[in-house]
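Survey of secondary and tertiary structure
As a plain string of letters, each chain reads:
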Amino acid sequence: MSGLRALLGLGLLVAGSRLQRITTQISACRSGPTWWGPQRLNSGVRWNSEVMASTAVKYLSQEEAQAVDQELFNEYQFSVDQLMELAGLSCATAIAKAYPPTSMSRSPPTVLVICGPGNNGGDGLVCARHLKLFGYQPTIYYPKRPNKPLFTALVTQCQKMDIPFLGEMPSEPMVIDELYELVVDAIFGFSFKGDVREPFHSILRVLKGLTVPIASIDIPSGAGTQKVGWEWV
Amino acid sequence: MSSAAGPDPSEAPEERRFLSTAEAAALERELLEDYRFGRQQLVELCGHASAVAVTKAFPLPALSRKQRTVLVVCGPEQNGAVGLVCARHLRVFEYEPTIFYPTRSLDLLHRDLTTQCEKMDIPFLSYLPTEVQLINEAYGLVVDAVMGPGVEPREVGGPCTRALATLKLLSIPLVSLDIPSGWDAETGSDSEDGLRPDVLVSLAAPKRCAGRFSGRHHFVAGRFVPDDVLRKFALRLPGYTGTDCVAAL
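Given the structure is predicted, the values throughout are model-derived calculations rather than measurements. Counting restarts for each chain, with residues numbered from 1 along the sequence as it is written. Lettering for chains starts from A, numbering for ligands starts from 1, and both go in the order in which the items are written. Owing to the predicted nature of the model, reporting of local features is limited to residues with pLDDT of at least 70; listing and counting of side-chain atom pairs is limited to 80 or more, with chain, interface and lining totals taken over all residues. Think of the side-chain values as coming from all heavy atoms in the structure, minus any hydrogens and water.

So, on to the overall build of chain A. Within chain A, the regular secondary structure consists of 7 helices and 6 strands. Helix and strand assignments come from DSSP, with helices taken as H or I runs of at least 4 residues and strands as E runs of at least 2, each series counted from the N terminus. When the helices and strands of chain A are placed in sequence order, the string is β-β-α-α-α-β-α-β-α-α-β-α-β. Here chain A holds 233 residues, and 57% of them are scored as buried. Should any heavy atoms of two residues lie within 4.5 Å, those residues are counted as being in contact. Considering only residue pairs separated by 6 or more positions, chain A has 79% of its internal contacts joining residues 24 or more positions apart. Residue-level accessible areas treat just the shown protein chains as cover; the underlying method is Shrake-Rupley with a 1.4 Å probe. Working note: accessible area of chain A is about 10,000 Å², and carbon and sulfur atoms make up 52% of it. Residue exposure (1.4 Å probe, protein chains only): buried if accessible area is under 20% of the type maximum, exposed if over 50%, otherwise partly exposed.

Shown next, in the form of C-alpha coordinates:
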(Lines give C-alpha, C1' and ligand atoms only; values in the text may rest on other atoms or scores of the structure.)
Protein backbone atom coordinates (compact mmCIF):
# COMPACT_ATOMS: atom_id res chain seq x y z
CA MET A 1 0.00 0.00 0.00
CA SER A 2 1.68 3.20 -1.08
CA GLY A 3 1.86 6.27 1.08
CA LEU A 4 0.00 9.33 -0.18
CA ARG A 5 0.91 12.89 0.59
CA ALA A 6 -1.91 15.08 1.83
CA LEU A 7 -2.68 18.09 -0.35
CA LEU A 8 -1.29 20.39 2.26
CA GLY A 9 2.10 18.84 1.72
CA LEU A 10 2.77 18.85 5.40
CA GLY A 11 0.50 16.14 6.72
CA LEU A 12 1.50 12.60 6.10
CA LEU A 13 -0.81 9.95 4.90
CA VAL A 14 -0.29 6.59 6.40
CA ALA A 15 -1.88 3.55 4.90
CA GLY A 16 -1.92 0.05 6.18
CA SER A 17 -4.05 -2.93 5.51
CA ARG A 18 -5.60 -5.64 7.59
CA LEU A 19 -7.37 -8.56 5.98
CA GLN A 20 -9.96 -7.24 3.57
CA ARG A 21 -10.47 -4.02 5.42
CA ILE A 22 -8.42 -1.11 4.23
CA THR A 23 -7.95 1.56 6.81
CA THR A 24 -6.66 4.81 5.44
CA GLN A 25 -5.21 7.31 7.83
CA ILE A 26 -4.68 10.88 7.01
CA SER A 27 -2.52 12.91 9.35
CA ALA A 28 -3.67 16.49 9.51
CA CYS A 29 -2.41 18.70 12.25
CA ARG A 30 -4.08 21.45 14.16
CA SER A 31 -3.37 22.93 17.52
CA GLY A 32 -5.07 24.65 20.41
CA PRO A 33 -4.28 24.43 24.06
CA THR A 34 -6.83 21.75 24.79
CA TRP A 35 -5.60 19.45 22.08
CA TRP A 36 -2.36 18.13 23.26
CA GLY A 37 -1.59 15.89 26.14
CA PRO A 38 1.28 13.67 27.08
CA GLN A 39 -0.33 10.58 25.58
CA ARG A 40 2.00 9.00 23.11
CA LEU A 41 0.59 7.05 20.24
CA ASN A 42 1.87 3.67 21.27
CA SER A 43 2.43 0.53 19.34
CA GLY A 44 -0.96 -0.74 20.31
CA VAL A 45 -1.60 0.05 16.66
CA ARG A 46 -0.46 -2.88 14.58
CA TRP A 47 1.64 -1.69 11.65
CA ASN A 48 2.89 -3.71 8.78
CA SER A 49 6.61 -3.11 9.17
CA GLU A 50 7.30 -3.99 5.56
CA VAL A 51 4.90 -1.30 4.44
CA MET A 52 6.69 1.16 6.68
CA ALA A 53 10.08 0.33 5.24
CA SER A 54 9.03 0.43 1.62
CA THR A 55 7.17 3.72 1.65
CA ALA A 56 9.93 5.75 3.33
CA VAL A 57 7.26 7.86 4.96
CA LYS A 58 8.10 9.47 8.25
CA TYR A 59 5.59 8.80 10.98
CA LEU A 60 5.22 11.68 13.36
CA SER A 61 5.34 11.19 17.05
CA GLN A 62 2.79 13.12 19.01
CA GLU A 63 5.45 15.62 20.08
CA GLU A 64 6.60 16.15 16.52
CA ALA A 65 3.08 16.65 15.29
CA GLN A 66 2.48 19.08 18.10
CA ALA A 67 5.59 21.01 17.08
CA VAL A 68 4.44 21.09 13.46
CA ASP A 69 1.08 22.42 14.53
CA GLN A 70 2.60 25.09 16.73
CA GLU A 71 4.75 26.25 13.87
CA LEU A 72 1.85 26.34 11.42
CA PHE A 73 -0.29 28.39 13.75
CA ASN A 74 2.23 30.66 15.38
CA GLU A 75 4.85 31.19 12.71
CA TYR A 76 2.92 30.68 9.51
CA GLN A 77 -0.32 32.25 10.75
CA PHE A 78 -2.49 29.53 9.30
CA SER A 79 -5.97 29.51 10.77
CA VAL A 80 -7.85 26.48 12.02
CA ASP A 81 -10.48 27.06 9.34
CA GLN A 82 -7.89 27.02 6.61
CA LEU A 83 -6.13 23.87 7.68
CA MET A 84 -9.36 22.10 8.52
CA GLU A 85 -10.68 22.81 5.03
CA LEU A 86 -7.52 21.50 3.41
CA ALA A 87 -7.46 18.48 5.71
CA GLY A 88 -11.09 17.60 5.07
CA LEU A 89 -10.68 18.09 1.33
CA SER A 90 -7.60 15.90 1.20
CA CYS A 91 -9.31 13.25 3.30
CA ALA A 92 -12.27 13.19 0.93
CA THR A 93 -9.87 13.00 -2.01
CA ALA A 94 -7.96 10.10 -0.47
CA ILE A 95 -11.16 8.26 0.36
CA ALA A 96 -12.48 8.80 -3.15
CA LYS A 97 -9.25 7.44 -4.56
CA ALA A 98 -9.35 4.38 -2.32
CA TYR A 99 -13.07 3.75 -2.87
CA PRO A 100 -14.05 5.34 -6.18
CA PRO A 101 -17.78 5.61 -6.77
CA THR A 102 -17.49 3.24 -9.73
CA SER A 103 -16.20 0.51 -7.41
CA MET A 104 -19.13 0.80 -5.05
CA SER A 105 -22.43 -1.02 -5.32
CA ARG A 106 -24.86 1.84 -4.90
CA SER A 107 -25.12 4.90 -7.03
CA PRO A 108 -24.51 7.24 -5.34
CA PRO A 109 -22.48 5.28 -2.80
CA THR A 110 -23.67 5.72 0.78
CA VAL A 111 -21.19 6.77 3.44
CA LEU A 112 -21.64 7.21 7.18
CA VAL A 113 -19.39 9.89 8.67
CA ILE A 114 -19.07 9.76 12.44
CA CYS A 115 -17.78 13.02 13.89
CA GLY A 116 -16.30 13.34 17.31
CA PRO A 117 -16.41 16.28 19.70
CA GLY A 118 -13.25 18.06 18.63
CA ASN A 119 -11.25 19.10 15.61
CA ASN A 120 -11.20 15.56 14.23
CA GLY A 121 -14.97 15.87 14.02
CA GLY A 122 -14.55 19.17 12.20
CA ASP A 123 -12.33 17.43 9.66
CA GLY A 124 -15.12 14.90 9.24
CA LEU A 125 -17.69 17.62 8.54
CA VAL A 126 -15.49 19.14 5.83
CA CYS A 127 -14.79 15.68 4.45
CA ALA A 128 -18.49 14.85 4.27
CA ARG A 129 -19.22 18.02 2.32
CA HIS A 130 -16.55 17.29 -0.27
CA LEU A 131 -17.63 13.67 -0.54
CA LYS A 132 -21.08 14.97 -1.44
CA LEU A 133 -19.57 17.14 -4.18
CA PHE A 134 -17.60 14.12 -5.39
CA GLY A 135 -20.84 12.21 -5.91
CA TYR A 136 -21.19 10.21 -2.69
CA GLN A 137 -24.22 10.27 -0.46
CA PRO A 138 -22.92 10.99 3.03
CA THR A 139 -24.85 10.86 6.26
CA ILE A 140 -23.38 12.33 9.42
CA TYR A 141 -23.63 11.28 13.03
CA TYR A 142 -22.45 14.13 15.21
CA PRO A 143 -23.62 13.58 18.77
CA LYS A 144 -21.39 16.05 20.65
CA ARG A 145 -21.10 19.44 19.00
CA PRO A 146 -18.84 22.21 20.31
CA ASN A 147 -20.67 25.50 20.56
CA LYS A 148 -18.16 27.45 18.49
CA PRO A 149 -18.74 29.37 15.25
CA LEU A 150 -16.29 27.21 13.31
CA PHE A 151 -18.28 24.05 13.99
CA THR A 152 -21.76 25.54 13.77
CA ALA A 153 -20.82 27.00 10.38
CA LEU A 154 -19.55 23.65 9.14
CA VAL A 155 -22.78 22.00 10.29
CA THR A 156 -24.82 24.65 8.46
CA GLN A 157 -22.84 24.08 5.27
CA CYS A 158 -23.62 20.37 5.44
CA GLN A 159 -27.28 20.87 6.32
CA LYS A 160 -27.76 23.34 3.48
CA MET A 161 -26.30 20.75 1.16
CA ASP A 162 -28.94 18.28 2.27
CA ILE A 163 -26.53 16.03 4.12
CA PRO A 164 -28.66 14.32 6.79
CA PHE A 165 -27.63 14.23 10.41
CA LEU A 166 -28.70 11.08 12.26
CA GLY A 167 -30.55 11.52 15.53
CA GLU A 168 -29.06 8.34 16.91
CA MET A 169 -26.41 5.83 16.05
CA PRO A 170 -27.56 2.44 14.81
CA SER A 171 -26.80 0.05 17.64
CA GLU A 172 -26.11 -3.01 15.52
CA PRO A 173 -23.17 -3.33 13.13
CA MET A 174 -25.34 -5.24 10.70
CA VAL A 175 -27.67 -2.27 10.32
CA ILE A 176 -24.77 -0.06 9.34
CA ASP A 177 -23.40 -2.72 7.01
CA GLU A 178 -26.72 -2.82 5.21
CA LEU A 179 -27.24 0.91 4.90
CA TYR A 180 -23.74 2.19 4.23
CA GLU A 181 -20.91 0.99 2.04
CA LEU A 182 -18.22 2.89 3.86
CA VAL A 183 -17.79 4.46 7.26
CA VAL A 184 -15.56 7.46 7.93
CA ASP A 185 -14.22 7.57 11.48
CA ALA A 186 -13.66 11.21 12.41
CA ILE A 187 -14.10 10.64 16.12
CA PHE A 188 -10.79 11.20 17.82
CA GLY A 189 -7.50 12.57 16.71
CA PHE A 190 -4.25 11.64 18.26
CA SER A 191 -4.45 14.29 20.89
CA PHE A 192 -6.96 12.03 22.49
CA LYS A 193 -6.13 10.70 25.90
CA GLY A 194 -7.86 9.15 28.84
CA ASP A 195 -11.21 7.47 28.99
CA VAL A 196 -13.43 7.04 26.01
CA ARG A 197 -16.64 8.54 27.25
CA GLU A 198 -20.10 7.77 26.02
CA PRO A 199 -21.53 7.86 23.51
CA PHE A 200 -18.22 7.16 21.85
CA HIS A 201 -17.40 4.03 23.78
CA SER A 202 -20.55 2.38 22.45
CA ILE A 203 -19.93 3.78 18.98
CA LEU A 204 -16.45 2.31 18.84
CA ARG A 205 -17.81 -1.01 19.97
CA VAL A 206 -20.31 -1.00 17.11
CA LEU A 207 -17.63 0.01 14.60
CA LYS A 208 -15.49 -2.88 15.70
CA GLY A 209 -18.20 -5.24 14.47
CA LEU A 210 -18.50 -3.77 10.98
CA THR A 211 -17.69 -5.62 7.81
CA VAL A 212 -17.83 -2.54 5.57
CA PRO A 213 -14.55 -0.62 5.27
CA ILE A 214 -13.66 2.13 7.69
CA ALA A 215 -11.54 5.14 6.78
CA SER A 216 -10.07 6.76 9.87
CA ILE A 217 -9.05 10.39 9.89
CA ASP A 218 -5.80 11.08 11.73
CA ILE A 219 -5.70 7.86 13.73
CA PRO A 220 -8.08 4.98 14.18
CA SER A 221 -10.17 6.36 16.99
CA GLY A 222 -9.26 4.93 20.34
CA ALA A 223 -5.98 3.47 19.15
CA GLY A 224 -3.37 3.29 21.84
CA THR A 225 -5.84 3.68 24.63
CA GLN A 226 -5.63 0.82 27.03
CA LYS A 227 -9.16 1.17 28.25
CA VAL A 228 -10.65 0.53 24.86
CA GLY A 229 -9.07 -2.89 24.88
CA TRP A 230 -8.46 -3.50 21.21
CA GLU A 231 -5.57 -2.58 19.02
CA TRP A 232 -7.35 -0.53 16.45
CA VAL A 233 -10.80 -0.01 15.10
CA MET B 1 -24.43 24.48 -27.88
CA SER B 2 -24.55 28.17 -27.26
CA SER B 3 -21.28 29.99 -26.91
CA ALA B 4 -22.71 33.46 -27.11
CA ALA B 5 -20.52 36.28 -25.94
CA GLY B 6 -22.03 39.14 -23.98
CA PRO B 7 -25.46 39.48 -22.39
CA ASP B 8 -28.30 37.52 -23.90
CA PRO B 9 -31.58 38.12 -22.11
CA SER B 10 -33.33 35.49 -24.18
CA GLU B 11 -30.88 32.77 -23.13
CA ALA B 12 -32.79 29.76 -21.91
CA PRO B 13 -32.16 29.01 -18.24
CA GLU B 14 -30.67 25.62 -18.86
CA GLU B 15 -28.09 27.07 -21.21
CA ARG B 16 -26.66 29.68 -18.89
CA ARG B 17 -22.95 29.29 -18.61
CA PHE B 18 -21.93 32.70 -17.38
CA LEU B 19 -22.62 34.85 -14.39
CA SER B 20 -23.11 38.58 -14.51
CA THR B 21 -21.11 40.62 -12.02
CA ALA B 22 -24.23 41.14 -9.92
CA GLU B 23 -25.01 37.43 -9.97
CA ALA B 24 -21.46 36.51 -9.01
CA ALA B 25 -21.74 38.83 -6.02
CA ALA B 26 -25.15 37.39 -5.13
CA LEU B 27 -23.84 33.84 -5.36
CA GLU B 28 -20.96 34.70 -3.08
CA ARG B 29 -23.33 36.38 -0.64
CA GLU B 30 -25.49 33.28 -0.57
CA LEU B 31 -22.53 31.08 0.23
CA LEU B 32 -21.29 33.41 2.94
CA GLU B 33 -24.62 34.29 4.54
CA ASP B 34 -26.93 31.33 3.98
CA TYR B 35 -24.41 28.54 3.84
CA ARG B 36 -22.14 30.14 6.43
CA PHE B 37 -19.01 29.56 4.44
CA GLY B 38 -16.13 31.67 5.62
CA ARG B 39 -14.40 33.96 3.16
CA GLN B 40 -11.12 32.37 4.10
CA GLN B 41 -12.50 28.93 3.23
CA LEU B 42 -13.62 30.01 -0.23
CA VAL B 43 -10.43 31.95 -0.96
CA GLU B 44 -8.38 28.90 0.05
CA LEU B 45 -10.40 26.57 -2.16
CA CYS B 46 -10.18 29.00 -5.11
CA GLY B 47 -6.46 29.55 -4.68
CA HIS B 48 -5.76 25.85 -4.37
CA ALA B 49 -7.88 25.06 -7.42
CA SER B 50 -6.18 27.84 -9.40
CA ALA B 51 -2.82 26.27 -8.68
CA VAL B 52 -4.16 22.90 -9.80
CA ALA B 53 -5.36 24.55 -13.02
CA VAL B 54 -1.85 25.88 -13.62
CA THR B 55 -0.47 22.36 -13.19
CA LYS B 56 -2.93 21.09 -15.77
CA ALA B 57 -2.06 23.76 -18.31
CA PHE B 58 1.66 23.61 -17.60
CA PRO B 59 2.49 20.19 -16.16
CA LEU B 60 5.68 20.18 -14.16
CA PRO B 61 7.44 17.21 -15.82
CA ALA B 62 7.31 18.99 -19.17
CA LEU B 63 8.89 22.18 -17.84
CA SER B 64 12.53 23.14 -17.70
CA ARG B 65 13.90 24.67 -14.52
CA LYS B 66 13.38 28.17 -15.82
CA GLN B 67 9.88 27.38 -17.00
CA ARG B 68 8.89 26.40 -13.46
CA THR B 69 9.46 29.92 -12.24
CA VAL B 70 6.13 31.67 -11.94
CA LEU B 71 5.53 35.34 -11.31
CA VAL B 72 2.26 35.88 -9.44
CA VAL B 73 1.01 39.47 -9.58
CA CYS B 74 -1.46 40.16 -6.76
CA GLY B 75 -3.79 43.11 -6.42
CA PRO B 76 -5.11 44.45 -3.10
CA GLU B 77 -8.57 42.85 -3.24
CA GLN B 78 -9.96 39.33 -3.09
CA ASN B 79 -8.45 38.37 -6.43
CA GLY B 80 -5.05 39.16 -4.95
CA ALA B 81 -5.79 37.02 -1.91
CA VAL B 82 -6.62 34.13 -4.22
CA GLY B 83 -3.30 34.80 -5.94
CA LEU B 84 -1.42 34.55 -2.64
CA VAL B 85 -3.05 31.18 -1.92
CA CYS B 86 -2.33 30.06 -5.49
CA ALA B 87 1.34 30.97 -5.09
CA ARG B 88 1.60 28.96 -1.88
CA HIS B 89 0.08 25.86 -3.45
CA LEU B 90 2.30 26.25 -6.50
CA ARG B 91 5.22 26.17 -4.11
CA VAL B 92 3.87 22.97 -2.55
CA PHE B 93 3.45 21.57 -6.07
CA GLU B 94 7.18 22.29 -6.59
CA TYR B 95 6.92 25.24 -8.91
CA GLU B 96 9.04 28.27 -8.04
CA PRO B 97 6.71 31.20 -7.49
CA THR B 98 7.69 34.79 -6.93
CA ILE B 99 5.09 37.32 -5.90
CA PHE B 100 4.63 40.95 -6.85
CA TYR B 101 2.15 42.41 -4.39
CA PRO B 102 2.77 46.14 -4.35
CA THR B 103 -0.47 47.49 -2.89
CA ARG B 104 -1.05 45.54 0.27
CA SER B 105 -4.41 45.16 1.88
CA LEU B 106 -4.49 45.71 5.63
CA ASP B 107 -7.11 43.10 6.33
CA LEU B 108 -6.19 40.10 8.40
CA LEU B 109 -6.85 37.56 5.68
CA HIS B 110 -4.36 39.19 3.30
CA ARG B 111 -1.82 39.68 6.06
CA ASP B 112 -1.94 36.05 7.14
CA LEU B 113 -1.79 34.78 3.56
CA THR B 114 1.24 37.01 3.00
CA THR B 115 2.93 35.62 6.12
CA GLN B 116 2.30 32.07 4.95
CA CYS B 117 4.01 32.82 1.64
CA GLU B 118 6.91 34.64 3.26
CA LYS B 119 7.48 31.80 5.69
CA MET B 120 7.57 29.38 2.79
CA ASP B 121 10.41 31.40 1.31
CA ILE B 122 8.41 32.70 -1.61
CA PRO B 123 10.15 35.92 -2.61
CA PHE B 124 8.23 39.16 -2.83
CA LEU B 125 9.50 41.59 -5.42
CA SER B 126 9.81 45.17 -4.27
CA TYR B 127 9.33 46.43 -7.79
CA LEU B 128 8.42 45.06 -11.18
CA PRO B 129 10.61 45.97 -14.14
CA THR B 130 8.80 48.00 -16.75
CA GLU B 131 10.94 46.39 -19.40
CA VAL B 132 8.88 43.34 -20.30
CA GLN B 133 11.85 41.49 -21.75
CA LEU B 134 13.30 41.21 -18.26
CA ILE B 135 10.12 39.44 -17.14
CA ASN B 136 10.11 37.19 -20.20
CA GLU B 137 13.65 36.15 -19.41
CA ALA B 138 13.27 35.66 -15.67
CA TYR B 139 10.04 33.68 -15.54
CA GLY B 140 8.35 30.81 -17.31
CA LEU B 141 4.84 32.08 -16.82
CA VAL B 142 2.88 34.81 -15.11
CA VAL B 143 -0.28 34.54 -13.03
CA ASP B 144 -2.50 37.62 -13.11
CA ALA B 145 -4.34 37.94 -9.79
CA VAL B 146 -4.72 41.69 -9.88
CA MET B 147 -8.41 42.40 -10.39
CA GLY B 148 -11.54 40.38 -10.01
CA PRO B 149 -15.01 41.29 -11.32
CA GLY B 150 -16.39 44.52 -9.92
CA VAL B 151 -13.01 46.04 -9.08
CA GLU B 152 -12.40 49.44 -10.62
CA PRO B 153 -8.97 50.03 -12.13
CA ARG B 154 -8.46 53.10 -10.00
CA GLU B 155 -8.81 50.98 -6.85
CA VAL B 156 -5.72 48.92 -7.42
CA GLY B 157 -3.14 51.65 -7.28
CA GLY B 158 -0.37 52.88 -9.51
CA PRO B 159 2.07 49.99 -9.26
CA CYS B 160 -0.60 47.44 -10.23
CA THR B 161 -1.78 49.60 -13.11
CA ARG B 162 1.78 49.92 -14.37
CA ALA B 163 2.30 46.18 -13.94
CA LEU B 164 -0.75 45.47 -16.07
CA ALA B 165 0.57 47.78 -18.77
CA THR B 166 3.80 45.78 -18.82
CA LEU B 167 1.99 42.44 -18.81
CA LYS B 168 0.09 43.39 -21.96
CA LEU B 169 3.38 43.03 -23.82
CA LEU B 170 4.30 39.67 -22.31
CA SER B 171 5.51 36.93 -24.59
CA ILE B 172 5.61 34.16 -21.97
CA PRO B 173 2.28 32.53 -21.02
CA LEU B 174 -0.18 34.48 -18.90
CA VAL B 175 -2.78 32.88 -16.64
CA SER B 176 -5.59 35.15 -15.42
CA LEU B 177 -7.58 34.28 -12.32
CA ASP B 178 -11.35 34.77 -12.62
CA ILE B 179 -11.23 37.54 -15.21
CA PRO B 180 -8.40 39.08 -17.20
CA SER B 181 -7.50 42.09 -15.09
CA GLY B 182 -8.71 45.29 -16.62
CA TRP B 183 -11.45 43.70 -18.72
CA ASP B 184 -14.97 44.86 -18.12
CA ALA B 185 -16.43 41.84 -16.32
CA GLU B 186 -19.73 42.18 -18.19
CA THR B 187 -18.85 43.09 -21.72
CA GLY B 188 -15.25 42.07 -22.00
CA SER B 189 -14.52 45.46 -23.50
CA ASP B 190 -10.89 46.37 -23.33
CA SER B 191 -10.31 42.78 -24.33
CA GLU B 192 -8.76 44.18 -27.47
CA ASP B 193 -6.36 46.55 -25.71
CA GLY B 194 -6.18 44.80 -22.41
CA LEU B 195 -4.48 41.67 -21.22
CA ARG B 196 -4.66 38.70 -23.53
CA PRO B 197 -4.14 35.72 -21.29
CA ASP B 198 -3.35 32.30 -22.64
CA VAL B 199 -5.25 30.66 -19.84
CA LEU B 200 -8.36 31.85 -18.03
CA VAL B 201 -9.21 30.23 -14.71
CA SER B 202 -12.81 31.12 -13.89
CA LEU B 203 -13.47 30.86 -10.18
CA ALA B 204 -16.61 28.86 -9.29
CA ALA B 205 -18.31 29.84 -12.56
CA PRO B 206 -17.37 31.85 -15.65
CA LYS B 207 -18.19 35.56 -15.75
CA ARG B 208 -19.86 37.15 -18.73
CA CYS B 209 -16.68 38.58 -20.16
CA ALA B 210 -15.29 35.04 -20.52
CA GLY B 211 -17.25 34.89 -23.75
CA ARG B 212 -14.62 37.18 -25.25
CA PHE B 213 -11.73 35.03 -24.10
CA SER B 214 -9.80 33.62 -27.01
CA GLY B 215 -6.77 32.08 -25.37
CA ARG B 216 -5.63 28.47 -25.22
CA HIS B 217 -7.31 27.08 -22.13
CA HIS B 218 -10.37 28.04 -20.17
CA PHE B 219 -10.89 26.26 -16.87
CA VAL B 220 -13.48 26.58 -14.19
CA ALA B 221 -11.90 26.00 -10.79
CA GLY B 222 -13.17 25.85 -7.23
CA ARG B 223 -15.50 22.97 -6.67
CA PHE B 224 -17.62 24.09 -3.78
CA VAL B 225 -20.86 25.43 -5.22
CA PRO B 226 -23.72 23.27 -3.95
CA ASP B 227 -26.16 21.88 -6.53
CA ASP B 228 -29.02 23.93 -5.09
CA VAL B 229 -27.11 27.15 -5.69
CA LEU B 230 -26.28 26.10 -9.26
CA ARG B 231 -29.96 25.50 -9.84
CA LYS B 232 -30.95 28.77 -8.25
CA PHE B 233 -28.66 30.67 -10.59
CA ALA B 234 -29.63 28.39 -13.48
CA LEU B 235 -25.98 27.63 -14.07
CA ARG B 236 -24.80 24.79 -16.16
CA LEU B 237 -21.15 24.03 -15.66
CA PRO B 238 -19.06 21.32 -17.25
CA GLY B 239 -18.92 18.26 -15.07
CA TYR B 240 -16.02 17.84 -12.74
CA THR B 241 -14.65 14.30 -12.93
CA GLY B 242 -13.61 12.20 -9.98
CA THR B 243 -12.03 14.32 -7.28
CA ASP B 244 -10.92 17.09 -9.64
CA CYS B 245 -11.43 20.66 -8.53
CA VAL B 246 -10.75 21.95 -12.04
CA ALA B 247 -12.72 21.32 -15.23
CA ALA B 248 -11.83 22.32 -18.77
CA LEU B 249 -14.38 24.31 -20.73
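Read on, since the account is not over.
Counting secondary structure elements, chain B contains 7 helices and 8 strands. Across its three principal directions, the C-alpha atoms of chain B cover 50 × 40 × 35 Å. Residues counted as buried form 57% of the 249 residues belonging to chain B. Here the analysis covers contacts within chain B between residues at least 6 apart in sequence; of these, 72% occur between residues at least 24 apart. When the accessible surface of chain B is split by element, carbon and sulfur atoms take 50% of a total near 10,300 Å². Taken together, the 26 basic and 32 acidic charged side chains of chain B have centroids lying 4 Å from each other. As used throughout, the charge tally considers Lys and Arg to be positive and Asp and Glu to be negative, leaving His and the chain termini uncounted. Charged side chains are reduced to one point each, which is NZ for Lys, CZ for Arg, CG for Asp and CD for Glu.

The next subject is the sheet that holds strand β6 (residues 199-203) of chain B. All names here are of chain B. Pairing between two strands is assigned when DSSP locates at least 2 bridges connecting them. Taken together, the 8 strands give an open sheet; going across it, the order is β3-β2-β1-β4-β5-β6-β7-β8, and neighbouring strands pair in mixed fashion. The open sheet has two edge strands, β3 (124-125) and β8 (246-248), and neither has a second partner. The sheet contact formed by strand β4 (residues 141-145) and strand β5 (residues 174-177) spans 3 bridges and is parallel. Residue pairing for β5: Val-143 is matched across the bridge by Val-175. Running at roughly 135 degrees to strand β1 (residues 69-74), helix α6 (residues 158-167) makes contact with β1, β2 (96-100) and β4 of the sheet. Each axis is a line fitted through C-alpha atoms, and for a helix only the stretch in contact is used; angles between axes span 0 to 180 degrees, taken between their N-to-C directions.

Residues and elements named next belong to chain A. Burial within strand β5 (residues 182-186) is extensive, with 5 of its 5 residues counted as buried. In β5, alternate side chains face the same way, and those of Leu-182, Val-184 and Ala-186 on one face and Val-183 and Asp-185 on the other are all buried. Bridge count between strand β3 (residues 110-115) and β5: 5 bridges; the pairing is parallel. Bridge pairing in β5 links Leu-112 to Val-183. In the sheet, β5 pairs with strand β6 (residues 214-217) via 3 bridges, with the strands oriented parallel. Looking at the pairing, Val-183 lines up with Ile-214 of β6. Place the viewer so that the strands point away; then a crossover is right-handed whenever the path from the first strand over the helix to the second strand goes clockwise. Of the crossover connections in this fold, the one passing from β5 over helix α7 (residues 200-208) to the parallel β6 is right-handed.

A few words on the packing of aromatic side chains. Each aromatic pair joins two rings of Phe, Tyr and Trp (for Trp, the six-membered one) with centres within 6.5 Å, and gets the label stacked for planes under 30 degrees apart, edge-to-face for over 60, and tilted for any other angle. On inspection of all chains with the given rule, the structure shows 3 aromatic pairs over all chains. Taken together, a centroid distance of 5.4 Å and an interplanar angle of 65 degrees make the contact between A:Phe188 and A:Phe200 edge-to-face. Here A:Phe200 lies in helix α7 and A:Phe188 lies in the loop between β5 and α7, a separation of 12 residues in the sequence. For the pair shown, A:Phe188 and A:Phe200 are each scored as buried. Stacked on the ring of B:Tyr35, the Lys or Arg A:Lys160 has its end atom at 5.0 Å from the ring centre. A positively charged side chain is recorded as over a ring if its NZ (Lys) or CZ (Arg) lies within 6 Å of the ring centre. The angle to the ring normal must also be within 35 degrees. Of note, B:Lys119 hangs over the ring of A:Tyr76, and the distance from its end group to the ring centre comes to 5.6 Å.

On to the side chain of A:Glu181. All names here are of chain A. Within the secondary structure, Glu-181 sits in the loop between α6 (173-179) and β5. Put simply, a salt bridge is a Lys or Arg side-chain nitrogen that is within 4 Å of an Asp or Glu carboxyl oxygen. Although Glu-181 lies buried, it forms no salt bridge, and the closest oppositely charged side chain, Arg-106, sits 4.4 Å away as judged by the N-O distance. Reaching out from Glu-181, the side chain makes a polar contact with the backbone nitrogen of Ser-105 at a distance of 2.6 Å. Within the local environment of Glu-181, its side chain forms a polar contact with the backbone nitrogen of Arg-106, the two atoms lying 3.1 Å apart. Those residues in contact with Glu-181 that lie beyond four places of it in its chain are Met-104, Ser-105, Arg-106, Pro-109, Thr-110, Val-212 and Pro-213. Counted as a polar contact is a pair of N or O atoms within 3.5 Å, where, for protein atoms, one must be capable of donating a hydrogen and the other of accepting one, and residues adjacent in sequence contribute only when both atoms are in side chains.

Each partner contributes residues to the interface: chain A has 30 residues there, and chain B has 27 residues. Here chain A is connected to chain B by 1 salt bridge. Salt-bridge contacts for A:Glu75 lead to B:Lys119; the nearest nitrogen and oxygen are separated by 3.2 Å. One can count 11 residue pairs in polar contact (both at pLDDT 80 or more) joining chain A with chain B. Sorting the residues of the side of chain A that touches chain B by element identifies α3 (80-98), α4 (119-133) and α5 (149-160) of chain A as the ones contributing at least two each.

The next subject is the pattern of salt bridges. All names here are of chain B. Under the criterion given, the structure shown has 13 salt bridges over all chains. We note a salt bridge from Lys-207 to Asp-178, for which the minimum N-O separation is 2.6 Å. Linking Lys-207 in the loop between β6 and β7 (217-221) with Asp-178 in the loop between β5 and β6, this pair joins segments that are 29 residues apart in sequence. You'll find Lys-207 and Asp-178 in the same group, each marked buried.

Looking now at the confidence of the model for chain B. Every residue is assigned a pLDDT by the predictor, reflecting its confidence on a scale from 0 to 100. Per-residue pLDDT for chain B has a mean of 91; in total, 92% of the residues score no lower than 70. Across the whole predicted complex the pTM is 0.83, and at the interface the ipTM reaches 0.87.

The next thing to look at is unusual backbone geometry. Leave glycine aside and you will find that most residues have negative phi; peptide bonds, for their part, are mostly trans. Residues and elements named next belong to chain A. Here the residue pair Ser-107 and Pro-108 is connected by a cis peptide bond, since its omega of 0 degrees sits within 30 degrees of zero. With respect to the element layout, Pro-108 can be found in the loop between α3 and β3. Cis rather than trans, the peptide bond between Glu-198 and Pro-199 has omega equal to 5 degrees.

All names here are of chain A. Relative to the elements of secondary structure, Thr-93 occurs in helix α3. The class of Thr-93 is buried, set by a relative accessible area of 11%. Residues Thr-93 and Ile-217, spaced 124 residues apart in sequence, show a C-alpha to C-alpha distance of 12 Å.

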